[in-house]
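# Structural overview
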Amino acid sequence: MNAAEAYTPAMTDFRSNAVLKSVLKWGLWAAFNAFALYLVVVLYAQQQTAFALLGLVVTGIASYVFISKRAYAHRYIYPAVAGMLIFVIFPLLYTVGIGFTNYSGSNLLSLQQAQTYHLQQTYVSGARLPFTVHRNDGGLRLQVAQPDGSVLVSEVLAQGAEPAQIELSLSTADSSLGEALPLREVIALRKQLEQWVFVEPNGELLRLYGLREVAAVRPLYRLLENGDLLNNRSSERLTLDTQQGFYVDSRGNTMAPGFTVYTGWDNFSRVLTDPSIRGPFLQIFAWTVAFAALTVVFTLAVGLVLASLLQWELVRGKAFYRMMLILPYAVPAFISILVFKGLFNQNFGEINLVLDSLFGVRPDWFSDPTLARSMILIVNTWLGYPYMLLLCMGLLQAIPRDLYEASAIDGASPVDNLLRITLPLLIKPLMPLLIASFAFNFNNFVLITLLTSGAPDIIGATTPAGTTDLLVSYTYRIAFQDSGQNFALAAAIATLIFILVGAMAWLNLKLTKVKV
């Protein structure tokens with residue numbers, strides 16, 4: 001039997017299917033890469049270099065993982081890696097990068113975009129002339145009245161055509177144009193008419209100016225070789241200032257909009273050296289650490305005491321008490337926060353009404369810094385103790401009862417049992433969870449925003465800062481609630497927060513390796 005006779009129809013079908021699968025595989029790969037590269041080019045053309053680079057990296061890794069045999073096993077974890085790159089690493093690096101610029105509400109554009117904006121500014125250089133629009137010869141024609149009584153008539157404006165310069169010719173007979181379009185139709189055509197430039201016989205350029213007039217409009221600025229702008233009307237020079245990110249006139253005034261420039265470590269140094277920023281920042285940082293630490297201590301204390309009481313054999317109806325004590329954990333936090341905000345209302349809240357009737361006092365919960373912070377700790381303890389209760393209930397079950405029986409024989413008190421048996425055996429397994437709780441409360445944005453919004457404010461601060469602000473809410477207010485919207489300074493502070501929280505996460509990982 002020769003080699004040709006050795007091939008069976010089944011083998012032929014198998015090879016055909018393999019070829020078809022290979023063609024389909026490479027075809028999908030090529031289509032995916034072509035579409036991804038198209039998106040990258042579009043992003044780059046829109047001056048979104050960072051996003052274009054992200055798309056290029058994600059696409060390149062995907063192509064390697066799904067084509068290379070060496071990376072075969074990695075294709076199953078690639079979606080998670082891609083998600084990490086897009087939603088974690090890229091936003092982090094992008095935020096850090098913004099911290100080294102002057103990016104803010106007044107410096108949003110690039111230099112080229114800011115120049116384009118200024119160069120598009122125009123001014124009226126001549127008289128305003130009334131016009132009418134007529135439908136004629138299958139299109140629209142514009143008739144412009146001159147001061148001497150004559151009229152200028154445009155060529156046919158082909159609807160749907162690209163806007164261009166249209167010649168206006170002198171004419172005295174306008175009856176052939178037909179009746180002028182009513183104002184309603186002119187308004188409907190306004191966007192199209194704004195795109196046309198009409199040229200008078202003397203070369204003057206006319207543009208739409210209002211709903212019934214055209215006027216000679218010229219560019220207000222002219223770009224010079226060194227990047228400065230020259231005002232065509234006043235001959236004033238606008239100097240390009242790459243330190244501030246603005247065009248500056250002869251009197252030193254900045255001309256909005258500004259543009260984004262690299263500022264180095266300026267934002268970070270402002271946080272550490274500017275007294276009007278450093279003072280509030282350090283005060284908020286100290287309060288953030290104290291808030292997170294006290295919240296952990298209070299919630300652990302309440303949860304441990306309640307869990308210990310639920311372990312007491314003389315207590316009946318434990319299932320009911322467990323359900324009621326864990327119930328705050330089931331209610332959405334924002335609902336509980338808003339309820340407490342009403343309870344602590346200084347004028348009509350139930351808490352102040354009770355205190356007024358019993359002791360004749362009405363604390364200023366939202367105006368006094370100390371009381372506001374105390375209120376926040378009370379509310380957060382209420383929100384957090386069920387979590388600690390669940391943890392302690394489970395861990396207390398693991399403590400041998402023999403230890404308590406032996407301590408009872410030795411005459412130990414309940415406090416001795418708590419300090420010498422319960423806490424030493426609970427603290428090690430609880431430590432990683434306590435650190436995680438500390439890190440969570442370190443960035444507890446929802447509580448501060450819904451309850452106090454950072455109030456009362458810190459006097460003398462040049463940035464929006466409150467005595468109850470945490471670093472995360474302080475950063476948010478700088479980025480979105482300040483009149484200047486200083487995104488760069490907020491990004492610098494966010495970078496410092498990331499370093500602190502990252503250190504706590506590293507400590508958490510180290511402690512999870514401790515053997516109990």
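Coordinates for the structure precede this section.
Here is a short report on the structure shown in this document. (Residues numbered from 1 in each chain as written. Predicted model: local features only at pLDDT ≥ 70, side-chain atom pairs only at ≥ 80, totals over all residues. Heavy atoms only, no water.)

From N to C terminus, the protein chain includes 18 helices and twelve strands. For 516 residues, the compact-globule estimate of 2.2 N^0.38 gives 24 Å, and the protein chain exceeds it by more than 25% at 36 Å. With respect to the three principal axes, the spread of C-alpha positions in the protein chain is 120 × 110 × 45 Å. A fraction of 59% describes how many contacts in the protein chain between residues 6 or more apart in sequence connect residues 24 or more apart. Total accessible area computed for the protein chain in this model is approximately 30300 Å², and 64% of it derives from carbon and sulfur atoms. (Helix = DSSP H or I, 4+ residues; strand = E, 2+ residues; numbered from the N terminus. Rg over C-alpha atoms; globule rule 2.2 N^0.38 Å. Contact = heavy atoms within 4.5 Å. Areas by Shrake-Rupley, 256 points an atom, 1.4 Å probe, with all protein chains shown as cover.)

Once that is clear, we can look at unusual backbone geometry. Peptide bonds are mostly trans, and most non-glycine residues show a negative phi. A cis geometry characterises the amide bond from Ala256 onward to Pro257, with omega recorded as 0 degrees. Inspection of the secondary structure puts Pro257 in the loop between strand 12 (254-255) and helix 8 (266-273). In this structure, Pro456 follows Ala455 across a cis peptide bond, with omega equal to 0 degrees. Within the secondary structure, Pro456 sits in the loop between helix 16 (445-451) and helix 17 (471-481). We note that Ser235 has phi near 65 degrees; this positive angle belongs to a residue other than glycine. Along the chain, Ser235 falls in the loop between strand 9 (229-231) and strand 10 (237-241).

This part takes up the nonpolar core. The biggest cluster of nonpolar side chains holds 38 residues, and the ones touching the most others in it are Leu389, Leu430, Phe442, Tyr474 and Ile493. Elements with a minimum of two residues in this core: helix 9 (275-310), helix 13 (369-397), helix 15 (414-442), helix 17 and helix 18 (487-511). With ten residues, the top contributor of residues to this core is helix 9. Residues within four places of Leu430 in sequence aside, it is in contact with Leu300, Leu391, Cys392 and Leu395. Core analysis: the next-biggest nonpolar cluster, separate from the first, contains 18 residues, Leu152, Leu157, Leu181 and Trp196 among them. (Core = buried A, V, L, I, M, F, W, Y, C linked by side-chain atoms within 4.5 Å. Buried < 20%, exposed > 50% of the residue type's maximum accessible area, 1.4 Å probe, protein only.)

Our focus in this paragraph is the pattern of salt bridges. A side chain with one charge can pair with a side chain of the opposite charge if their charged atoms come near. What the rule picks out here adds up to ten salt bridges. The shortest N-O distance in the salt bridge between Arg190 and Glu194 comes to 3.0 Å. Of this pair, Arg190 and Glu194 both sit in helix 7 (residues 190-194), four residues apart, which is roughly one turn of that helix. Residue Arg190 is classed as partly exposed on the basis of its relative accessible area of 35%. Residue classification places Glu194 among the partly exposed positions, given a relative accessible area of 37%. Asp228 serves as the salt-bridge partner of Arg237, at 3.0 Å between the closest nitrogen and oxygen. You can call Arg237 partly exposed: its relative accessible area is 39%. Overall, the relative accessible area of 6% leaves Asp228 in the buried class. (Salt bridge = Lys/Arg side-chain N within 4 Å of Asp/Glu carboxyl O.)

Turning next to the pairing of strand 6 (residues 205-208). Side-chain direction in a regular strand flips from residue to residue, so the side chains alternate between the two faces of the sheet. Relative to strand 6, strand 5 (residues 197-199) runs antiparallel, the two being bridged by two bridges. Its bridge partner being in strand 6, Phe198 is matched across the sheet by Leu206. Between strand 5 and the antiparallel strand that follows it, strand 6, lie five residues; Gly203 among them carries a positive phi value of about 95 degrees. Of the strand pairs in this sheet, strand 6 and strand 7 (residues 213-219) are connected by three bridges, and their pairing is antiparallel. Within strand 7, the residue paired with Arg207 across the bridge is Ala215. What sits between strand 6 and strand 7 in their antiparallel hairpin is a turn of four residues, with Gly210 showing a positive phi close to 90 degrees. (Pairing = 2+ DSSP bridges.)

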